[in-house]
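Each chain, letter by letter, is given below.
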Amino acid sequence: MAAPVELEGAALAENTKKRKLSDEETDKTSLNVFQGFRLEKVLRQDHKHKLVTLLGKFADDKEKKDAVVLLERLPFEATQIVEALTSDDSRTKETLKNFIYSTHSVFTPRTIADSKATLIFPATSKHIDKYSDHEAFVVRETPELYRSVTQPCVDASQFSIQWVHNILEKKTEAERIVFEDPNPETGFILLPDMKWNRSDLSSLYLVAIVHQRGLNSLRDLRSDHLPLLRNILEKGKKAILDQFSIPSHQLRIYLHYQPSYTHLHVHFTHLQFEAPGSDCLRAHVLEDVIDNLELDGEFYSKKTLVYTVRDSDALYKAYKASGYFDE
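Bear in mind the structure is a predicted one, so any value in this text is a computation, not a measurement.

Core analysis: the largest hydrophobic core is formed by 59 residues, its most contacted members being Leu190, Leu206, Ile232, Ile240, Phe268 and Leu286. Of all the elements, helix H6 (residues 226-244) adds the most residues to this core, at 8 residues. What Ile232 contacts, discounting residues up to four positions off in sequence, is Phe188, Ala208, Val210, Lys237, Val266, Phe268 and Leu286. In this structure, Leu43, Leu51, Ile128 and Tyr131 belong to the second largest nonpolar core, which totals 9 residues.

Structure follows, in structure tokens:
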């Protein structure tokens with residue numbers, strides 16, 4: 001959910017507010033928004049990206065609503081980690097020794113945040129499914145299948161995008177905006193995805209959310225939208241260069257299909273960061289999208305698009321019911 005990660009941030013802020021934890025009342029670094037969290041199930045473990053997703057409840061929540069917690073190891077910040085590593089308070093334990101090579105467990109003072117947590121509370125069954133491990137399947141979506149299976153299913157089962165409208169109307173997250181072009185037809189808001197800590201430039205991740213309403217995904221794009229796409233490409237690259245000194249040849253700029261939420265948005269990530277969904281089965285490079293629409297203004301209404309669905313997705317169930325996965 002940047003994708004719906006903004007929704008997660010909004011949920012975290014709202015939960016913090018409900019639990020009466022404010023900057024004025026207590027030090028941010030000492031409060032614990034997860035106080036009373038009781039683990040019920042590990043939904044997913046991703047060892048490559050050092051990510052774990054947990055399902056549980058809060059002990060003081062009388063309604064016993066579900067909560068989903070995403071825990072992710074933060075990248076190293078060289079200066080801080082060296083200071084901690086060489087501190088008199090740090091300890092090491094040798095775990096292997098062979099000639100000039102050795103490995104060690106390192107225990108540093110707890111002055112450095114080592115994990116980032118995202119809270120979704122209250123979490124719906126859709127959130128729980130979204131962040132659970134599931135078997136994946138490839139779909140080759142023809143225009144006919146899009147009209148008969150995909151579009152009706154997406155229209156019936158999509159997440160609320162009120163959080164997107166809140167960002168565009170500056171009701172929430174206005175202080176996080178990196179750049180804005182307010183034009184209602186070609187404009188957009190550029191802000192950090194919550195996967196990025198805003199300090200490690202090698203993991204830079206921003207999202208451009210268009211002001212224009214009614215554009216849900218790649219399938220809706222036509223030649224009329226070329227000014228919008230070119231504007232996002234050029235002004236997005238310039239804003240990142242101006243503010244973060246990262247040139248365009250070190251950026252990955254793409255759209256997801258299927259997107260995780262149905263309001264057109266474009267991802268900007270550093271090439272060194274292996275962002276989820278940046279693989280060939282989901283990411284469509286923005287410059288390629290522009291080229292395709294210049295060749296044929298109806299390209300994405302005619303193109304067969306390939307992507308994956310998981311066995312818990314509404315789309316998977318819709319395709320299965322249609323007989324698509326029958327051998």
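We now examine the sheet that holds strand E2 (residues 51-58). Sheet architecture is open: 4 strands sit in the order E1-E2-E3-E6, paired in antiparallel fashion. In the strand order of this sheet, the two ends are held by strand E1 (37-46) and strand E6 (115-120), each with one partner. Averaged over all pairs of adjacent strands, the angle between their axes in this sheet comes to 25°, without regard to strand direction. As judged from the 8 bridges shared by E1 and E2, these two strands associate in the antiparallel manner. From the neighbouring strand, Phe37 faces E2, where its bridge partner is Phe58.

Bringing the sheet that holds strand E10 (residues 205-210) into the picture now. A sheet is described by the order of its strands in space; here 6 strands give the open sequence E8-E9-E10-E12-E11-E13, paired in antiparallel fashion. Only two strands of the sheet have a single neighbouring strand rather than two, namely strand E8 (179-181) and strand E13 (283-285). On average, each strand axis in the sheet is tilted by 25° relative to the strand beside it, whichever way the strands run. Note that strand E9 (residues 188-192) and E10 share 5 bridges and pair antiparallel. Looking at the pairing, Leu191 lines up with Val207 of E10. The strands that H6 touches are E8, E9, E10, strand E11 (251-256) and strand E12 (265-270); relative to E9, the one it contacts most, it runs at about 40°.

It is worth spelling out the packing of aromatic side chains at this point. Going through the model one piece at a time under the given rule, you end up with 13 aromatic pairs. Aromatic side chains Phe179 and Phe188 sit 5.6 Å apart centroid to centroid with 45° between the ring planes, which places their arrangement in the tilted category. Note on Phe179: relative accessible area 25%, which makes it partly exposed. Judged by relative accessible area, which is 0%, Phe188 ranks as buried. Of the aromatic side chains, those joined through ring pairs into one cluster are Phe137, Tyr316, Tyr319, Tyr324 and Phe325.

Summed over the entire model, instances satisfying the criterion amount to 18 salt bridges. Glu169 serves as the salt-bridge partner of Lys171, at 3.1 Å between the closest nitrogen and oxygen. A residue is classified by how much of its surface remains accessible, and Glu169, at 39% relative accessible area, is partly exposed. Between Arg230 and Glu294 there is a salt bridge, with the nearest N and O atoms lying 2.9 Å from each other. Of this pair, Arg230 sits in helix H6 while Glu294 is found in helix H7 (residues 286-295), placing the two residues 64 residues apart along the sequence.

Turning our attention to the environment of Val266. Along the chain, Val266 falls in strand E12. According to the relative accessible area criterion, Val266 is buried, its value standing at 0%. Measuring from C-alpha to C-alpha, the distance between Val266 and Tyr254 comes to 5.8 Å, with 12 residues separating the pair along the chain. When sequence neighbours within four positions are dropped, the list of residues in contact with Val266 reads Leu206, Val207, Ala208, Ile232, Ile253, Tyr254, Leu255 and Leu286.

Moving on to the environment of Ala275. You can see Ala275 is positioned in the loop between E12 and E13. Given the relative accessible area of 6%, Ala275 is considered buried. Those residues in contact with Ala275, other than ones at most four positions away along the chain, are Tyr205, Tyr254 and Thr269.

Analysis parameters
- Residues numbered from 1 in each chain as written.
- Predicted model: local features only at pLDDT ≥ 70, side-chain atom pairs only at ≥ 80, totals over all residues.
- Heavy atoms only, no water.
- Core = buried A, V, L, I, M, F, W, Y, C linked by side-chain atoms within 4.5 Å.
- Buried < 20%, exposed > 50% of the residue type's maximum accessible area, 1.4 Å probe, protein only.
- Helix = DSSP H or I, 4+ residues; strand = E, 2+ residues; numbered from the N terminus.
- Contact = heavy atoms within 4.5 Å.
- Pairing = 2+ DSSP bridges.
- Axes fitted to C-alpha atoms, helices over the stretch in contact; angles between N-to-C directions.
- Phe/Tyr/Trp six-rings, centres within 6.5 Å; stacked < 30°, edge-to-face > 60°.
- Salt bridge = Lys/Arg side-chain N within 4 Å of Asp/Glu carboxyl O.

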